[in-house]
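# Overview (structure and organization)
If you want the building blocks of each chain, they are given just below.
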Amino acid sequence: MIGDRWSLLIIRDAFDGIRRFGELQRNLGLAKNILASRLRELVAQGILETVPAADGSAYHEYALTAKGRELFAVIVALRSWGEAHLFEGDEPRSALLDTKDELPVRLQVTNATGQPISPDDAFVRKVS
């Protein structure tokens, strides 16, 4: 559902406030037919929904649904990993900040009691 790189980039842009087809197309540099296909699939899967344009025009926009907004932690984790590993030290990049204090957003994995854990502290138990 979200394994395609374009789908993840569309979702990332939706979190960044990009809502119109043309804006998504310009920002991603994606062919219109591919973008239209991915948007149709994200809407069909209930991750995005079409809504009337905020400016009252005849256009529509794409907005994250509740299901789509639940992908926030996934997008933050991928963004954080990318910021740490895909840029040179002096290369310009974006920063994800909280709206209240404008502090950098950090993602931390914790157990059920709130204690931070690492990959070495976790395992998968198969459920039958």
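First, a word on scope: everything that follows refers to the structure included in this document. (Residues numbered from 1 in each chain as written. Predicted model: local features only at pLDDT ≥ 70, side-chain atom pairs only at ≥ 80, totals over all residues. Heavy atoms only, no water.)

## Comments concerning the overall build of the protein
As a reminder, the rule being used: Counting from the N terminus, the helices are DSSP H or I runs at least four residues long and the strands are E runs at least two residues long. Partly exposed describes any residue whose relative accessible area lies between the buried limit of under 20% and the exposed limit of over 50%, with all areas from a 1.4 Å probe on protein chains only and scaled to the type maximum. The contact definition used throughout considers only heavy atoms, calling two residues in contact when any of these lie within 4.5 Å. The protein chains shown are the only cover counted for residues, whose accessible areas, like all others here, come from Shrake-Rupley with a 1.4 Å probe. Asp and Glu count as negative and Lys and Arg as positive, but His and the ends of the chain are not part of the count. Just so you know, the charge point we use is NZ for Lys, CZ for Arg, CG for Asp and CD for Glu.
When helices and strands are counted, the protein shows five helices and two strands. From first element to last, N terminus to C terminus, the protein shows the α and β order α-α-α-β-β-α-α. Considered along the principal axes of its C-alpha atoms, the protein spans approximately 50 × 50 × 30 Å. Out of the 128 residues in the protein, the part that is buried amounts to 23%. Looking at the protein alone, contacts between residues at least 24 apart form 40% of all its contacts between residues at least 6 apart. Within the structure as shown, the protein displays about 9,400 Å² of accessible surface, and the carbon and sulfur contribution to it stands at 54%. Taken as two groups, the 16 positive and 18 negative side-chain charges of the protein have centres that lie 6 Å from each other.

## Let's talk about unusual backbone geometry
Residue Glu102 is not a glycine yet carries a positive backbone phi of 55°. Residue Glu102 is classed as exposed on the basis of its relative accessible area, which comes to 58%.

## With respect to the packing of aromatic side chains
The relation between two aromatic rings is expressed through the spacing of the ring centres and the mutual angle of the planes. Cut-off, in case you're wondering: Side-chain rings of Phe, Tyr and Trp (the six-membered ring for Trp) are treated as a pair once their centres are within 6.5 Å; stacked means planes under 30 degrees apart, edge-to-face means over 60, and tilted covers the remaining angles. Here, a charge over a ring means that NZ of Lys or CZ of Arg falls within 6 Å of the ring centre while also lying within 35 degrees of the ring normal.
Across all of its chains, the model carries one aromatic pair by this definition. Of note, Arg5 hangs over the ring of Trp6, and the distance from its end group to the ring centre comes to 4.3 Å.

## Quick notes on the packing of helix α1 (residues 5-15) against helix α3 (residues 32-44)
Angle between the axes and distance between the axes: these two values describe a pair of packed helices. Using the following cut-off: Every axis in this analysis is a line fitted to C-alpha atoms, fitted for helices over the stretch in contact. Angles between the N-to-C directions lie between 0 and 180 degrees. By the definition adopted for this analysis, an angle is roughly parallel if under 35 degrees, roughly antiparallel if over 145, roughly perpendicular if from 65 to 115, and oblique otherwise. By the convention adopted, Pro, Cys, Tyr, Trp, Phe, Met, Ile, Leu, Val and Ala count as nonpolar, Lys, Arg, Asp and Glu as charged, and the other residues, Gly among them, as polar.
For the pair α1 and α3, the least separation of the axes is 10 Å and the interaxial angle reads 75°. Compared by their axis directions, α1 and α3 come out roughly perpendicular. Every residue of α3 that contacts α1 at Trp6, Ser7, Ile10 and Ile11 is listed here: Ile34, Leu35, Arg38, Leu39 and Leu42. Residue composition of the contact of α1 with α3, by class: seven nonpolar, one polar and one charged.

## Topic: α3
For clarity, the threshold we go by: Any helix carries an expected span of 1.5 Å times its number of residues minus one.
The end-to-end C-alpha distance of α3, which contains 13 residues, comes to 18 Å, matching closely the 18 Å that a straight helix rising 1.5 Å per residue would cover. Those residues of α3 hidden inside the fold are in contact with α1, α2 (21-28), β1 (48-52) and β2 (60-64). Directly after α3, the chain includes Gly46, whose backbone phi takes a positive value near 80°.

## Notes on the nonpolar core
What counts is decided by this rule: By convention a nonpolar core is built from buried Ala, Val, Leu, Ile, Met, Phe, Trp, Tyr and Cys residues, the set being connected through side-chain atoms within 4.5 Å.
One finds Ile10, Ile11, Leu24, Leu35, Leu39, Leu42 and Leu48 to be the most contacted residues of the largest nonpolar core, which totals 17 residues. When residues of this core are traced back to their parent elements, those giving at least two are α1, α2, α3 and β2. Apart from residues lying up to four places away in sequence, Leu39 is in contact with Ile10, Phe21, Leu24, Leu48 and Tyr62.

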